[in-house]
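Spelled out, the chains give:
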Amino acid sequence: NAGVTQTPKFRILKIGQSMTLQCAQDMNHNYMYWYRQDPGMGLKLIYYSVGAGITDKGEVPNGYNVSRSTTEDFPLRLELAAPSQTSVYFCASSYEFSYGYTFGSGTRLTVV
Amino acid sequence: DQQVKQNSPSLSVQEGRISILNCDYTNSMFDYFLWYKKYPAEGPTFLISISSIKDKNEDGRFTVFLNKSAKHLSLHIVPSQPGDSAVYFCAANDQTGANNLFFGTGTRLTVIP
């Protein structure tokens, strides 16, 4: 009964490095999302996916890439990390047109 | 451009009293609204929701009120308990496309024992 699992929980990157944030869900949800939360701000949508093989941009996609090769996994790739990408990243999933999301516990990323 | 706004960053309430958290939205296409609760170092968890065809939805100590003409909703917690201390996010969507949610900036509720 894991729900949405995110790894790692914390990470420090140097400017220009790359990394992948992992997200997996075991609820057979079609829809998956990546959000970022900056201090004092709401959650902003980065990318989303409505099913395996289908992804689309959200409000703040620049500097990120995603893939969705399976229903369960939705990794978020950061290329050439910048200080502006310092944030807490949340992955979420939902059943199609369901009443809400199930969130993971977040990844706190610092770019120095 | 923030389509969902929570203008009060924080709220303190005595235990046993009512907590009222407010939320405003600008997009008239929004027709489904949700409240999420977030503890430190955890992801948000779903609390309660309301469809635009209703003006009130109640679940135990939690009640959400929707005023569509004012584009305003509120969450009432009665009675407030110390365990309710958390950040509360209002969210909205138009239930089309990818079920994307738009979130407010959150209100930190502190319930004082």
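Rules and cut-offs
- Residues numbered from 1 in each chain as written.
- Chains lettered and ligands numbered in written order.
- Predicted model: local features only at pLDDT ≥ 70, side-chain atom pairs only at ≥ 80, totals over all residues.
- Heavy atoms only, no water.
- Helix = DSSP H or I, 4+ residues; strand = E, 2+ residues; numbered from the N terminus.
- Rg over C-alpha atoms; globule rule 2.2 N^0.38 Å.
- Buried < 20%, exposed > 50% of the residue type's maximum accessible area, 1.4 Å probe, protein only.
- Pairing = 2+ DSSP bridges.
- Contact = heavy atoms within 4.5 Å.
- Buried area = accessible area lost by both parts, 1.4 Å probe.
- Salt bridge = Lys/Arg side-chain N within 4 Å of Asp/Glu carboxyl O.
- Polar contact = N/O pair within 3.5 Å; in protein donor to acceptor, adjacent residues only side chain to side chain.
- Nonpolar A, V, L, I, M, F, W, Y, C, P; charged D, E, K, R; others polar.
- Core = buried A, V, L, I, M, F, W, Y, C linked by side-chain atoms within 4.5 Å.
- Disulfide = S-S within 2.5 Å.

Chemist: Help me get a handle on the overall build of chain B, residues and values and all.
Modeler: Across its full length, chain B carries 0 helices and 11 strands. Across chain B, helices and strands are ordered from the amino to the carboxyl terminus as β-β-β-β-β-β-β-β-β-β-β. Its C-alpha atoms give chain B a radius of gyration of 13 Å, within 12% of the compact-globule value 13 Å for 113 residues. C-alpha atoms of chain B, sized along the principal axes, occupy 45 × 30 × 20 Å. By the burial criterion, 47% of the 113 residues in chain B qualify as buried.

Chemist: Lay out the pairing of strand β6 (residues 56–59) of chain B with the relevant residues and their values.
Modeler: Residue and element names in this part refer to chain B. As defined by bridge partners, β6 adjoins strand β7 (residues 62–67) across 4 bridges and the pair is classed as antiparallel. Looking at the pairing, Lys 56 lines up with Phe 65 of β7. In this antiparallel pair of consecutive strands, β6 and β7, the connection spans 2 residues, and Gly 60 shows a positive phi of 65°.

Chemist: Please give an account of the interface of chain A and chain B that cites residues and values.
Modeler: Facing 24 residues of chain A, the contacting portion of chain B comprises 22 residues. Summed over both partners, the interface of chain A with chain B buries about 1,800 Å², with 56% contributed by carbon and sulfur atoms. Seen at the junction of chain A and chain B, the total is 0 salt bridges. For the pair chain A and chain B, the number of links is 4 residue pairs in polar contact (both at pLDDT 80 or more). When contributions to the side of chain A that touches chain B are tallied by element, the ones reaching two or more residues are β4 (31–37), β5 (43–51) and β9 (87–94) of chain A. At 5 residues, β5(A) tops the list of elements feeding residues into the side of chain A that touches chain B. Tallied by class, the residues present in the side of chain A that touches chain B amount to 14 nonpolar, 8 polar and 2 charged.

Chemist: Just give me the short version of the pairing of strand β5 (residues 45–51) of chain B, but keep the residues and values in it.
Modeler: Residue and element names in this part refer to chain B. With 5 of 7 residues buried, β5 lies mostly within the body of the structure. One ladder, built from 6 bridges, connects strand β4 (residues 32–38) with β5; its direction is antiparallel. Bridged to Leu 34 within β5 is Ser 49.

Chemist: An account of the sheet that holds strand β1 (residues 4–5) of chain B is needed here, citing residue identities and associated values.
Modeler: Here we have 5 strands laid out as an open sheet, ordered β1-β3-β8-β7-β6 (chain B), and antiparallel in their pairing. Of all the strands in the sheet, the pair left with one neighbour each is β1 and β6 of chain B.

Chemist: Go over the environment of Asp73(A), please, and point to the residues and values.
Modeler: Residues and elements named next belong to chain A. Counting through the fold element by element, Asp 73 comes out in the loop between β7 (64–66) and β8 (76–78). On the basis of relative accessibility, which here comes to 32%, the residue Asp 73 falls in the partly exposed class. Distance in space between the C-alpha atoms of Asp 73 and Thr 5 is 9.6 Å, their sequence separation being 68 residues.

Chemist: Break down the pattern of salt bridges for me, with residues and values.
Modeler: Under the criterion given, the structure shown has 5 salt bridges over all chains. Residue Arg36(A) pairs with Asp38(A) through a salt bridge whose shortest N-O separation is 2.9 Å. Judged by relative accessible area, Asp38(A) falls into the partly exposed class, the value being 24%. Salt bridges sharing partners connect three or more residues here, namely Lys37(B), Arg61(B) and Asp84(B).

Chemist: How would you summarise the nonpolar core if you had to cite specific residues and measurements?
Modeler: Residues and elements named next belong to chain B. Counting 23 residues, the largest nonpolar core has Phe 33, Trp 35, Leu 73, Leu 75 and Tyr 88 as its most contacted members. Those elements that provide at least two residues to this core are β3 (19–25), β4, β5, β7, β8 (72–77), β9 (86–93) and β11 (107–112). No other element matches the 4 residues that β9 contributes to this core.

Chemist: For the state of the cysteines, give the residues involved together with the corresponding values.
Modeler: Residues and elements named next belong to chain A. The full count for this structure, using the stated rule, is 2 disulfides over all chains. The disulfide bridge from Cys 23 ends at Cys 91, spanning 1.8 Å between sulfur atoms. Looking down the S-S bond of the Cys 23 and Cys 91 bridge, the torsion is -70°, so its handedness is left-handed. Pair noted here: Cys 23 is in strand β3 (residues 19–25) and Cys 91 is in strand β9, with a separation of 68 residues, a long-range link. Take Cys 23: its relative accessible area is 2%, and that puts it in the buried class.

By themselves these figures say nothing about function.
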